[in-house]
Protein chains: 2
Amino acid sequence: MKVKEVAELVGISVRTLHHYDEIGLLTPDETTEAGYRVYSDENLETLQQILFFKELGFPLKKIKEIIDSPSFDREEALIMQHKMLLEKKRRLEKMIGTIEKTIQHSKGEIQMSKQEKFEGFDFSHNPYEQEARERWGDKAVDEANEKAKNMTASDQEKFNGIYRSLAAIRHLSPDCKEAQEGINEWYHFISKFGNYSLDAFKGLGQMYVDDERFTKNIDKFGEGLAQFMCDAMAVYADKNKK
Amino acid sequence: MKVKEVAELVGISVRTLHHYDEIGLLTPDETTEAGYRVYSDENLETLQQILFFKELGFPLKKIKEIIDSPSFDREEALIMQHKMLLEKKRRLEKMIGTIEKTIQHSKGEIQMSKQEKFEGFDFSHNPYEQEARERWGDKAVDEANEKAKNMTASDQEKFNGIYRSLAAIRHLSPDCKEAQEGINEWYHFISKFGNYSLDAFKGLGQMYVDDERFTKNIDKFGEGLAQFMCDAMAVYADKNKK
DNA sequence: TATAAAGTATCCCGTAACGTGAGAGTCAAT
DNA sequence: ATTGACTCTCACGTTACGGGATACTTTATA
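Scoring rules and cut-offs
- Residues numbered from 1 in each chain as written.
- Chains lettered and ligands numbered in written order.
- Predicted model: local features only at pLDDT ≥ 70, side-chain atom pairs only at ≥ 80, totals over all residues.
- Heavy atoms only, no water.
- Near = heavy atom within 4 Å.
- Polar contact = N/O pair within 3.5 Å; in protein donor to acceptor, adjacent residues only side chain to side chain.
- Helix = DSSP H or I, 4+ residues; strand = E, 2+ residues; numbered from the N terminus.
- Nonpolar A, V, L, I, M, F, W, Y, C, P; charged D, E, K, R; others polar.
- Contact = heavy atoms within 4.5 Å.
- Buried area = accessible area lost by both parts, 1.4 Å probe.
- Salt bridge = Lys/Arg side-chain N within 4 Å of Asp/Glu carboxyl O.
- Axes fitted to C-alpha atoms, helices over the stretch in contact; angles between N-to-C directions.
- Parallel < 35°, antiparallel > 145°, perpendicular 65-115°, else oblique.
- pLDDT = per-residue confidence, 0-100.
- Buried < 20%, exposed > 50% of the residue type's maximum accessible area, 1.4 Å probe, protein only.
- Core = buried A, V, L, I, M, F, W, Y, C linked by side-chain atoms within 4.5 Å.
- Left-handed = near helix turned anticlockwise from the far one by under 90°.
- Phe/Tyr/Trp six-rings, centres within 6.5 Å; stacked < 30°, edge-to-face > 60°.
- Least-squares fit on C-alpha atoms with pLDDT ≥ 70 in both.

Visitor: An account of the protein's contact with DNA strand D is needed here, citing residue identities and associated values.
Guide: Around DNA strand D lies a shell of 19 residues, among which A:S13, A:Y20, A:L60, B:H18 and B:R37 are the nearest. Within 4 Å of the protein, the contacting atoms of DNA strand D are 79% sugar and phosphate, with bases supplying the remainder. In the environment of DNA strand D, a sugar or linking oxygen lies 3.1 Å from a nitrogen or oxygen atom belonging to the side chain of A:Y36. At 3.5 Å, a side-chain N or O of B:Y36 approaches a base oxygen of DNA strand D. For the surface near DNA strand D, the secondary structure elements donating two or more residues are helix 2 (14-22) and helix 4 (60-68) of chain A together with helix 1 (3-10) and helix 2 (14-22) of chain B. Sort the elements by how many residues they give to the surface near DNA strand D and helix 2 of chain A lands first, with four residues. Among the residues forming the surface near DNA strand D, the class breakdown is seven nonpolar, five polar and seven charged.

This is the structure:
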C-alpha cells in the first residue's frame, strides 16, 4: 500500500506518515526503485499500535522507545491499552455528566460546586497510568534497552550455546528431563536481562512463535526450535508454579 | 482564586493559565496590586467552556473567536458540545471494539479486514462536526464579527434610537401595539447584522436577560428594558409564527 | 503515443500549545 | 527576620505535524 492509500484507510495525513518515517517511528518495509514508500501488513499493525498509544496521549518519542524495546510485547500492550481506553471512556462519561449538569445549572434548576463543574477534565488520575508508567516508564524501558545493549560478547556466546544445545534436543518431548534442564538454564540466564516472573517467562516463550522477528532468529539454530522452546517454557512455568 | 488553586481544581498547569492570559483567551477579572491573577466565578465558567471546546479538538485561536463573538450563546454551545462529546464517546467505543477484536485476532481466533483494524480512529467523520463548522466555522463567526464591526455610526445611532423609543414604553404591556411595532422595527433592523429566524430572535431576547453583558448594556437605556424586550420579542416571535 | 492529471519525494520554514528554567518579587508562618 | 511556598515576567526549547516549493513518476485520457 502506498502513502495515500494508508492515509485514507486510517484517517491520517500523508505528511504524518512522512513524519513517522523521518523520526524512525514507522519506516515502510519496502520502497519502490523510484523511492515510493510501500507499507506492508506488518507496517499497518505497527501503525495501529502507534495510533492506540497516541490516542492515550503518549508522545511519539516514548512510543518509539516502547515498540522498539526488545521487551515489547504486542499482546500485553493491547491489553493495557484496552484498560486505559476504558478508563478514558469513563472520564468522557464524567465530562458528559458534567455538561448535562451545567446545562441544568445554567437554567437555574440545580446547584453546582466548583469541583463539580470540572469533573472529568483531570486526565492525570487514570489508575492505569501508574501501571503503564511502571511498565513503560523511562526507567523500565531504559533498563530493558540497557540490558540488551550491555550484552557482552561472552553473553552472546552463552546465548548461542544454549540455543544450540536446545536445538540438539528439539525433537524430544518438551517435558522430558533434558528439555526442562535446558530451559531451567535458559530461565536463569535470561533473568540477567529482565525480571521475568514464571508467567512472563511463559509469555516470552509464546512470543517466540507469535512474533516472527523472534521466530526467525531462533530458528536459525534449527527449524522448529522456537516452537519447541515455547512449549518447553510453558511446561517449565506450569511445573514450577507451586 | 489564585492561579494554583484554579490549576489544581481543574487539573491543568499554572503555565497553561499564564498562556491563556497571554493570548487573551482568559484574562482574570481581577489582579492584586502585586500583579497576582485572581480568577472570578465567571472566569471559571469561561474556563469550563474553553476546556470543553479543547476536549473537542478546537484550536485555542478559534475558541477565542467563538467565545468573544457577539453572537456567542453559552447554552447553545453547551448543547452542541454535549452532542459532540456523545459522538466522541461513540468513536471511543468503536476503538475499544477494535482493540478487543485485535486481541482476539492476535490469538488467531478471528479474521479482520484492514478497515476493521482502524475503526474508530478517523476523527473526521463526526456528524456534528459539520453542524459545528456551520455554526462556528470561520465564515460564520467572521461574518458575525464583521457585521458587528461594520456597524456604522448611523447604525449605532439607529440602535440607540430604537432602544430609547422602546425604553420609553417599557412600562406598557409587552404585547401592546406600540411595543410590538417597536419590536417589529427592531427585528428588521437587526436582520442587517445576522440571519435570525423567529425562533432565533426569541432566543436572542432570552439572551438579553440571561447574559449580563447584554443586560447591562441594554439597561443603560432604562432599568428593566432588557426584560421588557425579551418578553416583547417572545410575543412577537410567537404571534408571527403562523 | 503524447500529454495532462494525480501521486509521490525531499527540503525547509511555520505554527500551536505549552514546558522549562532563570531571576526576582510577595506572602504567611514560624 | 527568615524561610518556604507562591507568584511574576521574560525568553528560549519542544512536539507534531501543516503547507508551500520544486522536481520526479505513474496513471488516465485523448
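Still to come is the rest of the account.
Visitor: Which residues make up the interface of chain A and chain B, and what values go with them?
Guide: When the parts of a complex come together, some accessible area is lost, and that lost area is often taken as the interface size. Opposite the 41 residues of chain A that make contact, chain B presents 41 residues. Between chain A and chain B the total buried area reaches about 3,900 Å² when both faces are included, carbon and sulfur atoms providing 72% of it. Interface area lost by chain A to chain B is led by A:L92, A:I99 and A:F118, which between them contribute 16%. Counting every contact that joins chain A to chain B gives eight salt bridges.

Visitor: Could you give me a rundown of the packing of helix 10 (residues 177-190) of chain B against helix 13 (residues 225-239) of chain B, with the residues and numbers involved?
Guide: All names here are of chain B. One can describe the packing of helix 10 onto helix 13 by two numbers: an axis separation of 9 Å at closest approach and a directional angle of 85°. The angle between helix 10 and helix 13 places the two elements in the roughly perpendicular class. Listed contacts from helix 13 to A179, Q180, I183, N184, W186, Y187 and H188 of helix 10 are F228, M229, A232, M233, V235, Y236 and K239. In terms of residue class, the contact of helix 10 with helix 13 is built from 10 nonpolar, three polar and one charged.

Visitor: Which residues make up the protein's contact with DNA strand C, and what values go with them?
Guide: DNA strand C sits among 18 residues. The nearest are A:K4, A:H18, A:Y36, A:R37 and B:L60. In DNA strand C, the atoms that sit within 4 Å of the protein are 74% sugar and phosphate, with bases accounting for the remainder. Here A:K4 contributes a side-chain N or O atom positioned 3.2 Å from a phosphate oxygen of DNA strand C. Note that a phosphate oxygen of DNA strand C is positioned 2.8 Å from one of the side-chain N or O atoms of B:Y20. Secondary-structure elements contributing two or more residues to the surface near DNA strand C are helix 1 (3-10) and helix 2 of chain A together with helix 2 of chain B. Counting residues per element, the surface near DNA strand C draws most heavily on helix 2 of chain B, which supplies four residues. Grouping the constituent residues of the surface near DNA strand C by class yields seven nonpolar, five polar and six charged.

Visitor: An account of the confidence of the model for chain A is requested, with residue identities and associated values reported.
Guide: Taken over all residues, the pLDDT of chain A has a mean of 86, while the share at 70 or more is 87%. Both scores are available for the predicted complex, with the pTM at 0.66 and the ipTM at 0.67.

Visitor: Please give an account of the pattern of salt bridges that cites residues and values.
Guide: For the structure on display, the rule yields 29 salt bridges over all chains. Here B:E93 makes a salt bridge to A:K89, at a shortest N to O gap of 3.4 Å. Pair noted here: B:E93 is in helix 5 (residues 74-106) and A:K89 is in helix 5 (residues 74-106), and the two residues belong to different chains. Classification of B:E93 by relative accessible area gives partly exposed; the value is 32%. A salt bridge links B:E45 to B:R74, with the nearest nitrogen and oxygen atoms 3.7 Å apart. Pair noted here: B:E45 is in helix 3 (residues 41-55) and B:R74 is in helix 5, with a separation of 29 residues, a long-range link. Judged by its relative accessible area of 23%, B:E45 is partly exposed. A residue is classified by how much of its surface remains accessible, and B:R74, at 22% relative accessible area, is partly exposed.

Visitor: Explain the nonpolar core to me, using residue names and the numbers behind them.
Guide: Grouped together as the largest cluster of nonpolar side chains are 74 residues, with contacts concentrated most on A:L47 and B:L47. Ignoring anything within four residues of it in the chain, the contact list for A:L47 reads A:V6, A:V10, A:I12, A:L17, A:Y20, A:L26 and B:F118. In this structure, A:F189, A:L198, A:A232 and A:Y236 belong to the second largest nonpolar core, which totals 27 residues.

Visitor: A description of the packing of helix 3 of chain B against helix 4 (residues 60-68) of chain B should follow, citing residues and the corresponding values.
Guide: Residues and elements named next belong to chain B. Relative to each other, helix 3 and helix 4 sit at 135°, their axes nearing to 10 Å. Here helix 3 lies oblique to helix 4, going by the angle between them. Considering how the two elements wind past one another, helix 3 and helix 4 form a crossing that is right-handed. From helix 3, T46, I50, F53 and K54 reach across to helix 4, where they touch L60, I63, I66 and I67. Here the contact of helix 3 with helix 4 is built from residues that sort into six nonpolar, one polar and one charged.

Visitor: An account of the environment of B:D29 is requested, with residue identities and associated values reported.
Guide: All names here are of chain B. Within the element layout of this structure, D29 appears in the loop between helix 2 and strand 1 (30-31). For the pair D29 and Y39, spaced 10 residues apart in sequence, the C-alpha separation works out to 6.1 Å. Setting aside its immediate chain neighbours within four residues, D29 contacts V38, S40, E42 and N43.

Visitor: Which residues make up the packing of aromatic side chains, and what are the values?
Guide: Following the criterion strictly, the structure yields 16 aromatic pairs over all chains and no others. Geometrically, the ring pair formed by A:F52 and B:F121 is tilted, given 5.1 Å between the ring centres and 55° between the ring planes. Here A:F52 is found in helix 3 (residues 41-55), whereas its partner B:F121 is found in the loop between helix 6 (114-117) and helix 7 (127-136) on a different chain. Relative accessible area serves as the criterion here: at 0%, A:F52 is assigned to the buried category. B:F121 gets classed as buried once you look at its relative accessible area, which sits at 10%. Centroid distance B:F53 to B:F58: 5.1 Å. Interplanar angle 70°. Geometry classified as edge-to-face. Given a relative accessible area of 0%, B:F53 falls into the buried group.

Visitor: Outline the relation of the copies chain A and chain B, listing residues and values.
Guide: Mapping chain A onto chain B calls for a screw motion: a turn of 179° about the axis and a shift of 0.1 Å along it, with 0.4 Å RMSD after fitting. Those values place the two copies in the arrangement expected of a two-fold rotation axis. Minimal C-alpha distance to the rotation axis in chain A is attained by A:K89, lying at 3.5 Å. In this assembly the copies share their binding face: 100% of the residues contributing to the interface of chain A also contribute to that of chain B.

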